[in-house]
Amino acid sequence: MPGPEQGPRSFTAIVNPAAGDAASASSLITLARLLREAGADVAVEYSRGLGHAHDVARAAAGTGRVVLGVGGDGMVGCVGGALAGLDAGRDAVLGIVPAGRGNDFARQLGVPSDPEELAKLLLEGEPRAVDAIEANGTPVLGSVYAGVDAVANDNANNTRLLRGSAAYYVGALRAIISWRAADYLITVDGESFARKGYTVVAANSGYYGFGKHIAPDARVDDGMLDVILIRSAPKKLFFSVMRELADGTHVRRPEVEVMRGREVRIELTGPPGRTLPYGADGELPGVLPVTARVMPGALRVLAP
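Owing to the predicted nature of the structure, the values given are computational and were not obtained by experimental measurement.

(A) Quick look at the nonpolar core. Formed by 52 residues in total, the largest nonpolar core has its most connected members in Phe-11, Leu-35, Leu-68, Ile-96 and Leu-109. Sequence-distant contacts of Leu-109, defined by excluding residues within four places in its chain, comprise Ile-96, Arg-128, Val-130, Val-220, Val-301, Ala-303 and Pro-304. Ranked by size, the runner-up nonpolar core spans 46 residues in total, among them Ala-202, Met-259, Ile-266 and Ala-280.

(B) Local environment of the pairing of strand S1 (residues 10-15). Burial analysis of S1 places five of its six residues in the buried class, which makes it a mostly covered element. Of the strand pairs in this sheet, S1 and strand S2 (residues 41-46) are connected by six bridges, and their pairing is parallel. Counterpart to Thr-12 in the pairing with S2 is Ala-43. Pairing of S1 with strand S3 (residues 66-71) involves five bridges; the strand directions are parallel. Each residue of the ladder has a partner; that of Ala-13, found in S3, is Leu-68.

(C) Focus on helix H5 (residues 115-124). Taken together, the buried positions of H5 are occupied by Leu-118, Ala-119, Leu-121, Leu-122 and Leu-123. Measuring from the backbone nitrogen of Glu-116 back to the side-chain oxygen at the start of H5 gives 3.2 Å, which picks out Asp-114 as the cap.

(D) Spatial organisation of the packing of helix H2 (residues 50-62) against helix H3 (residues 73-84). The N-to-C vectors of H2 and H3 enclose an angle of 45 degrees; their axes lie 8 Å apart at closest approach. In this view, H2 runs oblique relative to H3, as classed from their interaxial angle. Where H2 crosses over H3, the two elements pack in a sense that is right-handed. Between H2 and H3, the residues in contact are Leu-50, Ala-53, His-54, Ala-57, Arg-58 and Ala-61 and Gly-74, Met-75, Cys-78, Val-79, Ala-82 and Leu-83, respectively.

(E) Local environment of the pattern of salt bridges. Counted under the stated rule, the structure contains 14 salt bridges. Glu-37 is the salt-bridge partner of Arg-33, the closest N and O atoms lying 3.2 Å from each other. Of this pair, Arg-33 and Glu-37 are both found in helix H1 (residues 23-37), four residues apart, which corresponds to roughly one turn of the helix. The class for Arg-33 is partly exposed, based on a relative accessible area of 43%. Asp-222 is paired through a salt bridge with Arg-260; the nearest N and O atoms lie 2.4 Å apart. With Asp-222 in the loop between strand S9 (191-203) and strand S10 (225-231) and Arg-260 in strand S11 (residues 256-261), this pair connects stretches of sequence that are 38 residues apart. Owing to a relative accessible area of 41%, Arg-260 belongs among the partly exposed residues under this scheme. Beyond isolated ion pairs, a larger network of salt bridges with shared partners links Glu-134, Glu-263 and Arg-293.

So, how was this worked out
- Residues numbered from 1 in each chain as written.
- Predicted model: local features only at pLDDT ≥ 70, side-chain atom pairs only at ≥ 80, totals over all residues.
- Heavy atoms only, no water.
- Core = buried A, V, L, I, M, F, W, Y, C linked by side-chain atoms within 4.5 Å.
- Buried < 20%, exposed > 50% of the residue type's maximum accessible area, 1.4 Å probe, protein only.
- Contact = heavy atoms within 4.5 Å.
- Helix = DSSP H or I, 4+ residues; strand = E, 2+ residues; numbered from the N terminus.
- Pairing = 2+ DSSP bridges.
- Polar contact = N/O pair within 3.5 Å; in protein donor to acceptor, adjacent residues only side chain to side chain.
- Axes fitted to C-alpha atoms, helices over the stretch in contact; angles between N-to-C directions.
- Parallel < 35°, antiparallel > 145°, perpendicular 65-115°, else oblique.
- Left-handed = near helix turned anticlockwise from the far one by under 90°.
- Salt bridge = Lys/Arg side-chain N within 4 Å of Asp/Glu carboxyl O.

So this is what it looks like as structure tokens:
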């Protein structure tokens, strides 16, 4: 926390205007006013895309400013990943303004959404070291996932008639109905497992997909990834598993396998000719295979 002789922190807020149906921009107005009333310098940058947000974050951190990711998990993951990827990343500080639809990384960290509580945290809180993930060379904050969830993500992104949560709901339903069990080869810290199933998730944060508690025992500061595999099962049973994701009780089912490790490689071995996208913080960077490695303490975040 800055001492009296240092004065208040300086912030650069990077806003995704499209997140949460423009809620990002509007939610920042009250917060910025509170920060400025406390004497803080607040600069606002509107992102023209993830590449632009990445560059702005690095430039701001390089001048000692706290970088605020304003939006959902895609924007927060982009900004946080940019800072975690810096050689001096341990000196950069990220603040999260949860203003998207999912806000799953903020939920894991306990970051408040109330402007007054959040302003107090940003002004007075001590940075907390958290882990990140390197996924095929790109820093990611929350999780890497490859299965019906990534296909649902892709469906939602390509839906033109629906927006917001409706697009994701319909995209998920389409993905599940059309799903054929995938053959995975999962390698955790050098030990390989052949499995057939719905998805594999390498989780730093316990939440993904709009509040689903996919990895209830995951911790962002333990230097480990929790690997959740939902094995092949009748689709009726899979819907039951989906309902239990809200409170994390799905991990008690025999169809759900949990592993832990520092490096996880997920490969698709079948059916022949099939490709499968993988997701990372709500984005779809590519198709399998993907290697996810934990980056211990790679990022400092203003969080409780």
